[in-house]
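# Breakdown of the fold
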Amino acid sequence: MFSLTNGEDDDGSYVPKEFADWREIPSEALERSEIRGALAKALTLLEEHYRLAFILRDVNELSITETANILGITRGAVKTRLRRARLMLRDILSPGLQQGGQVGLAFKEVRKPWE
Amino acid sequence: MGITCEEVWRDISDYVDDELDPKQRTALEEHFAECRHCAAVLEGTCNVIRLYRDERALAPPKGFHDRLHERLDQRLSQGSEERIHPSRRAILAWALTAAAAVPLGFALFSARRIILPRLEHQSPSGSPDSPAVMGLVAVSEDKDDKVFHIPSCRYVHGKPKFLPVEEAIRDGYSPCPVCIGKRKPEKKGVASPETIKTFKSGVNHS
């Protein structure tokens, strides 16, 4: 399992690695088990503190303040973790999901277009 | 273009949450109108959030409840004797290892074409005396209520912790009656609600 955070500071800065267009995924895609599997698997690739903030805020739909209270951190820290978590998940999932909901490439190491 | 791409990436999450002041917001929107890369990042970020907010995204996979209740039943029958047959122990160890290797193992049930396409078939879940239950559940880290939930359940009190369901069962947790227990399995021979109720005391000391 590769780490997505090697060499990065914990200040929330994150450089997106995938710039291809990702058109809206039809809601029906979630009926497909491989899409749901890809979403669950992608979460495991995040470090625990990013995963927690993301699950509370974006899966359980708590507010930033509620998330901060539960985790015992500041609102600013929640926002920092959310930023990293969301952009990392986007990078993990984009290569597979951008093309009509296919996930066959979802866990291929992300590429940097400028390299 | 007033701001750089780096500044946009720094603020994009706050933009989605509407946490920016109007001036910053306008600056980002002007940038998105001109920079297709950043517009793609915004689109993808919104897609990610929209997908995960759908209640189907992390719902337990098909057959989860049947396997869970079957596993609890099996655990109950073993719990009082505090011993596991060596072959069962080996199977259980294998199952736990597999579960630990894939913490959010819902993928195991559903992923047919991605990383772990065959693990489900290799798992001992088909064995009648050791139904493995894969998947990640949430427990309360600071409240010792010994209840586990599906990750999106609102009844996880306090700070949550996520662990493989097999580990939760082993540690004596019982399923949340709201998010897991309410789906009474129809399969013959699986645990009744009464059995699950007594499960906790049965395995706490095993």
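Please read these numbers as outputs of a predicted model, since none were measured by experiment.

Parameters and conventions
- Residue positions are counted from 1 within each chain, in the order its sequence is given.
- Whichever chain is written first is A, and whichever ligand is written first is 1; the rest continue in order.
- For a predicted model such as this one, the threshold for reporting local features is a pLDDT of at least 70, and the threshold for listing and counting side-chain atom pairs is 80 or more; totals across whole chains, interfaces and linings nevertheless cover every residue.
- Note on conventions: DSSP H or I runs of at least 4 residues are helices, E runs of at least 2 residues are strands, and numbering of each starts at the N terminus.
- By the convention adopted here, residues make contact when the C-beta atoms placed from their backbones lie within 7 Å.
- Between N-to-C directions, angles span 0 to 180 degrees; the directions come from axes that are lines fitted to C-alpha atoms, helices contributing only their stretch in contact.
- Orientation labels follow simple angle bins: below 35 degrees gives roughly parallel, above 145 gives roughly antiparallel, 65 to 115 gives roughly perpendicular, and whatever is left gives oblique.
- Crossing handedness follows the turn of the near helix against the far one: under a right angle anticlockwise gives a left-handed crossing, and clockwise gives a right-handed one.
- Per-residue confidence from the predictor is reported as pLDDT, which spans 0 to 100.
- Buried residues are those with 20 or more other C-beta atoms within 10 Å of their own C-beta, exposed residues have 12 or fewer, and partly exposed residues lie in between; C-beta atoms are placed from the backbone.
- Here a strand pair is declared whenever DSSP counts at least two bridges between the two strands.
- To estimate how far a helix should reach, multiply one less than its number of residues by 1.5 Å.
- Working definition: the nonpolar core is a set of buried Ala, Val, Leu, Ile, Met, Phe, Trp, Tyr and Cys residues, joined through C-beta atoms within 7 Å.
- Taken from the helix axis, the directions to the C-beta atoms give the arc we talk about.

Across its full length, chain A carries four helices and zero strands. Start at the N end of chain A and walk to the C end: the helices and strands fall as α-α-α-α. Of all intrachain contacts in chain A linking residues separated by at least 6 positions in sequence, the fraction that spans at least 24 positions is 63%.

Attention now goes to the packing of helix H1 (residues 5–16) of chain B against helix H2 (residues 22–34) of chain B. Residue and element names in this part refer to chain B. It is the contact of H1 with H2, at a shortest axis distance of 11 Å, that shows an interaxial angle of 115°. Between H1 and H2, the angle is such that the two are roughly perpendicular. As for the relative orientation of H1 and H2, their crossing is left-handed in sense. Two secondary-structure elements touch here, H1 through Val-8, Asp-11 and Tyr-15 and H2 through Gln-24, Arg-25, Leu-28 and His-31.

Residues and elements named next belong to chain A. Taken as a whole, chain A shows an average pLDDT of 73; of its residues, 63% reach a score of 70 or greater. Long-range and interchain partners of residues 1–9, a stretch whose pLDDT sits below 50, account for six contacts in this model, where long-range means more than four residues apart. Contacts of residues 99–115 to residues separated by more than four positions or lying in other chains number 34 contacts, the stretch itself having pLDDT below 50.

With that settled, the discussion passes to the environment of His31(B). Residue and element names in this part refer to chain B. Relative to the assigned elements, His-31 resides in helix H2. By C-beta crowding, His-31 is classed as buried, having 21 other C-beta atoms within 10 Å. Spatially, the C-alpha atoms of His-31 and Gly-2 are 7.2 Å apart, while their sequence positions differ by 29 residues.

A separate point is the sheet that holds strand E4 (residues 174–175) of chain B. All names here are of chain B. Pairing in this open sheet of four strands is mixed, and the strands run E3-E1-E2-E4 from one edge to the other. Only two strands of the sheet have a single neighbouring strand rather than two, namely strand E3 (160–164) and E4. As paired strands, strand E1 (residues 136–140) and strand E2 (residues 147–149) are joined by two bridges and run antiparallel to one another. What sits directly across from Ala-138, in E2, is His-149.

Residue and element names in this part refer to chain B. Within E1, four of the five residues are buried, leaving the element largely enclosed by the surrounding structure. Bridge analysis of E1 against E3 gives five bridges, and the strand direction is antiparallel. Considered in E3, the bridge of Val-137 is made with Leu-163. Between E1 and the antiparallel strand that follows it, E2, lie six residues; Lys-146 among them carries a positive phi value of about 55°.

On to the environment of Val165(B). All names here are of chain B. Its place among the elements puts Val-165 in helix H8 (residues 165–170). By C-beta crowding, Val-165 is classed as buried, having 26 other C-beta atoms within 10 Å. Along the chain, Val-165 and Pro-175 lie 10 residues apart, while their C-alpha atoms are 9.7 Å from each other.

Residues and elements named next belong to chain A. In this model helix H1 (residues 33–44) runs 17 Å from its N-terminal to its C-terminal C-alpha over 12 residues, within 8% of the 16 Å that 1.5 Å per residue would give. Among the 12 residues in H1, 10 count as buried, and that is most of the element. Of all the residues in H1, the buried ones are Glu-34, Ile-35, Arg-36, Gly-37, Ala-38, Leu-39, Ala-40, Lys-41, Ala-42 and Leu-43.

In this structure, Leu39(A), Ala53(A), Ala85(A) and Met88(A) are the most contacted members of the largest nonpolar core, which totals 39 residues. Contributions of two or more residues to this core are made by H1, helix H2 (48–59), helix H3 (64–71) and helix H4 (75–97) of chain A together with H1 and helix H3 (36–53) of chain B. Those residues in contact with Ala53(A) that lie beyond four places of it in its chain are Thr67(A), Leu71(A), Val78(A), Arg81(A), Leu82(A) and Ala85(A). Counting 19 residues, the second-largest nonpolar core is a separate cluster that includes Val137(B), Val147(B), Phe162(B) and Ile169(B).

Residues and elements named next belong to chain A. Among the residues of H3, those classed as buried are Thr-67, Ala-68 and Ile-70. Looking down the long axis of H3, one finds its buried residues gathered within 165° of arc, a one-sided arrangement. Gly-72 occupies a position one or two residues after H3 and carries a positive phi of about 70°.

In this model, Glu61(A) sits at a positive phi of 55°, which is unusual for a non-glycine residue. Among the structural elements, Glu61(A) can be located in the loop between H2 and H3. Positive phi, close to 55°, is recorded for Lys146(B), a residue that is not glycine. Note on placement: Lys146(B) falls in the loop between E1 and E2. A residue is classified by how many C-beta atoms lie within 10 Å of it, and Lys146(B), with 14 of them, is partly exposed.

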